[in-house]
Structure formats: C-alpha cells, structure tokens
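Examination of the molecular architecture
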Amino acid sequence: MHKILTLNQISVKGLERLPRDHYEIASEFTHPEAILLRSHKLQPEDIPESVLGIARAGAGVNNIPVAACTERGIPVFNTPGANANAVKELIIAALCLGSRGILQGVQYVDTLKDMTDKAEMNTLLEKEKKNYKGNELAGKTLGVVGLGAIGSMVADAALELGMTVKGYDPALSVESAWRLSSNVERVENLNSLFSKCDYITLHLPVLDATRGLINRELLASCKKDLRLLNFARAEIVDTAAVISALNDGDLGQYIADFPEPGLIGVPNTILTPHIGASTDEAEDNCAVMAADQIKDFIENGNIKNSVNFPTIAMERADCPRLAIANRNIPKMLGNILSLLADEDINVVDMINKSRDDIAYNLIDVAQVPCDEVLKKILDVEGVITVRVLN
Ligand SMILES: NC(=O)c1ccc[n+]([C@@H]2O[C@H](COP(=O)([O-])OP(=O)(O)OC[C@H]3O[C@@H](n4cnc5c(N)ncnc54)[C@H](O)[C@@H]3O)[C@@H](O)[C@H]2O)c1
Ligand SMILES: O=C(O)CC[C@@H](O)C(=O)O
C-alpha cells in the first residue's frame, strides 16, 4: 500500500485518481511515501524520511523548501496552468472593480434597505449614481508582468476587452512565447512598463530575484492613477512602499489577493482572501494533475512538471526498474552500471537526465539486484536515492 499524506483539503476528483486498493490517503501518517498539498507552509524538518515525492496542487511552490528537497533527492511537482483560467477570470473581475464604482455602489445601495417608497428610492438613486461613475477598460493600457500560463491568458482576455497590452518577462520560456499573442508588445524593463501603463498585473513566481521587485523606486516611476493588481504573491511587492504610494497619491489603486496587517482599510485598496484559484474547476484540475503526476512517479519513476528534477519518462517493460537520483557529477552512471555488470545484471533499457545539480536515472533490469548490490549503489559517492519498482 502506498501512503499519501495530504496537508490541505485536496479535491475528491484528484484523490479518486489514487485507487484505494493500492493507496491509503490521510492527513496524518508517520511514514508517508508522498505528500499532496496546496498552500500549507512545509518546513524541511516536517518532511519525514520516508517521503519520495511532494506534489503541490497549484502553481506557486514558495511554501515548499525546494532546495532542501533537492538535497534529499525528493522531486517537487506542481500543476502548471491547471488553475490559470480561474485566476484569469478573477483578474477580469478585478479590472472591472478597479475601473467602476461597483463595490462602492453596492455598499451605497445597502444603506437604503430601510426605504419603503420605490419612487423616492428611484429619484435618489438617479441623483446619487454620479458618485459611482468609472472608466472603461477599452483603450487603456495593461502591463502584464510574467507571461506564463496565467499572464498569457490575462493578456488575451485584455486584448479581447479592447485594451492595449504590454508584457514584461525576462525569463519567458519558448513554450510560453508560442502561446503568446503577437499583439502583446514586449517591454524590456519594468520602469518603462510602469511609466506607460494604466493597469499593471503581476503573474510571476516569488523567487529570490522577485522578492520585493515592486519597490518604492518603481512605484515612483508609475502614472499617478496606476491600478496595480497583485494576484501572484504578497512577497513580490514591498507592501510598505505600496501603502506610502497610495497615501501620497502616487499610486491610484492596489487590488490584491493577499491581505496583510497594515494594508486592510487603506483607501484605494481592494483585497480578497487568496481566492485566485478557488473555483471547483481549478481545484479539481490541480488535484487531478498533482495526483496523476505523483502516481506515475511512485509506480514508474517517471517525472513530469517537477520544479527541481528533470522531466523524464520511459515506457514500462515487463521487468523491474531502478529509479536512482544522484548529484550531477562525472562518472556516476558508469559507477552504477559497473556495479550492475559485476553482478551479471543485464540492463534492458535506460534513460538518464539532469537538471542543474541533480541527475536522475531510470534503469530497467532483467532481475532485481540483491540488497547488497542496492546498498553498494546507494553507497556510491553522489548517489542520493535508490528505488526498486516492480
Ligand atoms: N492568487 C492565486 O490563488 C494564484 C493562483 C495561481 C498562481 N498564483 C501565482 O501566480 C504565479 C504565476 O503562475 P503561472 O501559473 O502563470 O506560472 P508560470 O510558471 O506559468 O508563469 C510565470 C512566469 O513568470 C515569469 N517570470 C519569472 N521571473 C520573472 C521576472 N523577474 N519578471 C517577470 N516575469 C518573470 C516566468 O518566465 C514565467 O513566464 C505563481 O507562481 C503563483 O505564485 C497565484
Ligand atoms: O491552492 C490554492 O488555493 C492557491 C493556489 C495558488 O496560490 C497557486 O499558486 O496555484
């Protein structure tokens, strides 16, 4: 039985991908083989020795100690694109909420609940509605920072709304570039983007390089009525700088999915409680993708959508398989194969891939090596994990 520890509520549709005759799933286990989670903040010391893989049902992995996992030979998976549509739809809502007096108008109407005269109410509403006037999105300029799964969908939606779209993404992948509309104008630096846009929306991960990226200096270069949308992560924005810019009139609005003490109640903010991916559809998509990936890894050693391990897949043949993670240093594969050769173990098929400091091998063998040989492989300097998959 494979034991899967869940650290957040994971959609049933995802859990159903792990058949109960082979998988036990619980929110408490002493020796789990894998962890499925969403936003739970995982500390290195909370990852039991038994864990082989960790899957994040979502995009951001800043709640997982990825470097510590790499050191321990644990692949961390995420689910790119699985919740992108949910975030895109919320961004469209945020753009509308930022440009029209919708929330203020609704709050005003709520104050009239004790009025009983319909005609009198209509007269009042027609008189007061000028206070809730806004602007149209069509013809305005939206800057998209990060043009991956979400950013590219937001860019398409904004083009459909008649906006001019400018994009900034110094790390754009080839796959994302193919997905991106040619009508998105590429901007080479953030200062230039901030100085030209009426709206800016952030869709990049929090990394060392992006922590506090939206800072005082950048906000000083923006148009005074810029509406800044942050549905990526709180840490990407210097919140104190945002509050000052709002108070000084240097920033028009801050619309974000990440409320923080000190930010709540600041004029010209609209804050939601991290609900970017909170739709049934997104939760199902993420859970299904995460469960499928962890199942394929546990059963076949294959790796797809890992943030720290190479992508690797090999068809199963009718023979046992060794899955070996090692440091990406010379002679590793040769050393492992010679230990198998010494025992007359025939290699049926194999594949070896590396990513940064990690290398990973799938080796199909004619017979399972004995414990002594497996131990010898594990003892090779640089080998981190060795698994036998029958
Ligand atoms: N609010 C929510 O509930 C919610 C939901 C999903 C994702 N997110 C956040 O949104 C982020 C993006 O999600 P995604 O699915 O589009 O991820 P993605 O990996 O598809 O795209 C991220 C893009 O950011 C780009 N990028 C990296 N560094 C950059 C930099 N310095 N400047 C500009 N761009 C940079 C990458 O090149 C990539 O194209 C996630 O990492 C997560 O933090 C939040
Ligand atoms: O799981 C969630 O609800 C949020 C997910 C989101 O922040 C992500 O990074 O994908």
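Residues numbered from 1 in each chain as written. Chains lettered and ligands numbered in written order. Predicted model: local features only at pLDDT ≥ 70, side-chain atom pairs only at ≥ 80, totals over all residues. Heavy atoms only, no water.

Using the following cut-off: UniProt positions are given in the numbering used here, feature names are shortened, and annotations may be inferred rather than shown by experiment.
Where an unreviewed UniProt entry is consulted, the protein appears under the name D-3-phosphoglycerate dehydrogenase, with the organism given as Dasania phycosphaerae. The heading Pathway (unreviewed entry) in the UniProt record of the protein holds the text "Amino-acid biosynthesis; L-serine biosynthesis; L-serine from 3-phospho-D-glycerate: step 1/3."

1. Examining the overall build of the protein
Rule in force here: Put simply, DSSP H or I for four residues or longer makes a helix, DSSP E for two residues or longer makes a strand, and each gets a number counted from the N terminus. The rule is simple: take the accessible area with a 1.4 Å probe, protein chains only, and divide by the maximum for that residue type; under 20% is buried, over 50% is exposed, in between is partly exposed. In this analysis, two residues are considered to be in contact whenever any of their non-hydrogen atoms come within 4.5 Å of each other. Computed with the Shrake-Rupley method and a 1.4 Å probe, the accessible areas treat only the protein chains shown as cover for residues. Residues counted as positive are Lys and Arg, residues counted as negative are Asp and Glu, and His and the chain ends are not counted. Note that the charge is assigned to NZ on lysines, CZ on arginines, CG on aspartates and CD on glutamates.
Along its length, the protein carries 13 helices and 16 strands. Along the three orthogonal principal directions, the C-alpha set of the protein runs to about 90 × 50 × 35 Å. Burial analysis of the protein (390 residues in total) assigns 46% to the buried set. Taking contacts inside the protein between residues at least 6 apart in sequence as the whole, the part at least 24 apart equals 63%. When the accessible area of the protein is evaluated, it comes to approximately 19400 Å², of which 50% is carbon and sulfur surface. Of note, the protein has its 38 positive side-chain charges centred 6 Å away from the centre of its 53 negative side-chain charges.

2. Quick notes on the pairing of strand E14 (residues 347-355)
Selection criterion: Between any two strands, pairing holds if DSSP finds at least two bridges.
Strand direction decides the pairing type here: E14 and strand E15 (residues 358-365), joined by 8 bridges, are antiparallel. From the neighbouring strand, asparagine 352 faces E15, where its bridge partner is asparagine 361. Between E14 and E15, which pair antiparallel one after the other, the connecting turn spans 2 residues, and aspartate 356 there sits at a positive phi close to 50°.

3. As for the side chain of asparagine 63
Along the chain, the position of asparagine 63 falls in the loop between strand E4 (53-56) and helix H2 (66-71). Classification of asparagine 63 by relative accessible area gives buried; the value is 6%. Dropping the residues within four chain positions of it, asparagine 63 is found in contact with Leu37, Arg38, Ser39, His40, Lys41, Leu42 and Arg56.

4. Remarks on the environment of asparagine 63
What counts here: Here a polar contact is taken to be a pair of N or O atoms separated by no more than 3.5 Å, where protein atoms must pair a possible hydrogen donor with a possible acceptor and residues adjacent in sequence count only if both atoms sit in side chains.
C-alpha of asparagine 63 to C-alpha of glycine 139: the two residues are 76 residues apart in sequence and 38 Å apart in space. At 2.7 Å, the side chain of asparagine 63 forms a polar contact with the backbone oxygen of arginine 38.

5. Focus on the pattern of salt bridges
Note the cut-off: Salt bridges are defined by distance alone: a side-chain nitrogen of Lys or Arg within 4 Å of a carboxyl oxygen of Asp or Glu.
Scanning the model with the defined rule gives 12 salt bridges in all. Across the salt bridge formed by glutamate 126 and lysine 129, the nearest N and O atoms sit 2.8 Å from each other. Residue glutamate 126 shares its accessibility class with lysine 129, and that shared class is exposed. Taking the shortest distance from any N to any O, the salt bridge between aspartate 364 and arginine 321 comes out at 2.7 Å. Within this pair, whereas aspartate 364 is found in strand E15, its partner arginine 321 is found in strand E13 (residues 321-327), the two being separated by 43 residues in sequence. Each member of the pair, aspartate 364 as well as arginine 321, carries the same accessibility label: buried.

6. What to know about the packing of helix H12 (residues 332-342) against helix H13 (residues 371-379)
In helix packing, the relevant descriptors are the interaxial angle and the interaxial distance, both defined with respect to the helix axes. Heads up, the rule is: Only the stretch in contact is used when fitting a helix axis, every axis being a line fitted to C-alpha atoms; angles between N-to-C directions are given from 0 to 180 degrees. Any angle between 65 and 115 degrees counts as roughly perpendicular, while under 35 counts as roughly parallel, over 145 as roughly antiparallel, and the rest as oblique. Crossings are classed by handedness, with left-handed meaning an anticlockwise turn of the near helix from the far one by less than a right angle and right-handed meaning a clockwise turn. Polar here means any residue outside two lists: the nonpolar Ala, Val, Leu, Ile, Met, Phe, Trp, Tyr, Cys and Pro, and the charged Asp, Glu, Lys and Arg; Gly therefore counts as polar.
Put simply, H12 and H13 touch, their axes get as near as 10 Å, and they point 165° apart. One way to sum up the angle between H12 and H13 is to call them roughly antiparallel. Crossing angle aside, the handedness with which H12 passes H13 is right-handed. Side by side, H12 and H13 meet where Ile336, Leu339 and Leu340 of the first sit next to Val373, Lys376 and Ile377 of the second. Broken down by class, the residue content of the contact of H12 with H13 amounts to 5 nonpolar, no polar and 1 charged.

7. Some words on the site of ligand 2
To be explicit about the condition: Residues are counted as near a molecule or strand when any one of their heavy atoms sits within 4 Å of it.
Around ligand 2 lies a shell formed by Arg38, Ser39, Arg56, Gly58, Ala59, Gly60, Asn83, Arg233, His274 and Ala277. Asparagine 83 is positioned such that a nitrogen or oxygen atom in its side chain is 2.8 Å from an oxygen atom of ligand 2. In this structure, an oxygen atom belonging to ligand 2 sits 2.7 Å away from a side-chain N or O atom of histidine 274. Bound to the protein, ligand 2 loses 90% of the 300 Å² it would expose on its own. Split into classes, the residues belonging to the shell around ligand 2 amount to 2 nonpolar, 5 polar and 3 charged.

8. Focus: the packing of helix H3 (residues 84-99) against helix H6 (residues 149-160)
Taken N-terminus to C-terminus, the directions of H3 and H6 make an angle of 45°; their axes are 9 Å apart at the nearest point. As judged from the angle between their axes, H3 and H6 are oblique. The interaxial crossing formed by H3 with H6 has right-handed handedness. Seen from H3, the contacting residues are Ala84, Asn85, Val87, Lys88, Ile91 and Ile92; seen from H6, they are Ala149, Ile150, Met153, Val154 and Ala157. The residue makeup of the contact of H3 with H6, split by class, is 9 nonpolar, 1 polar and 1 charged.

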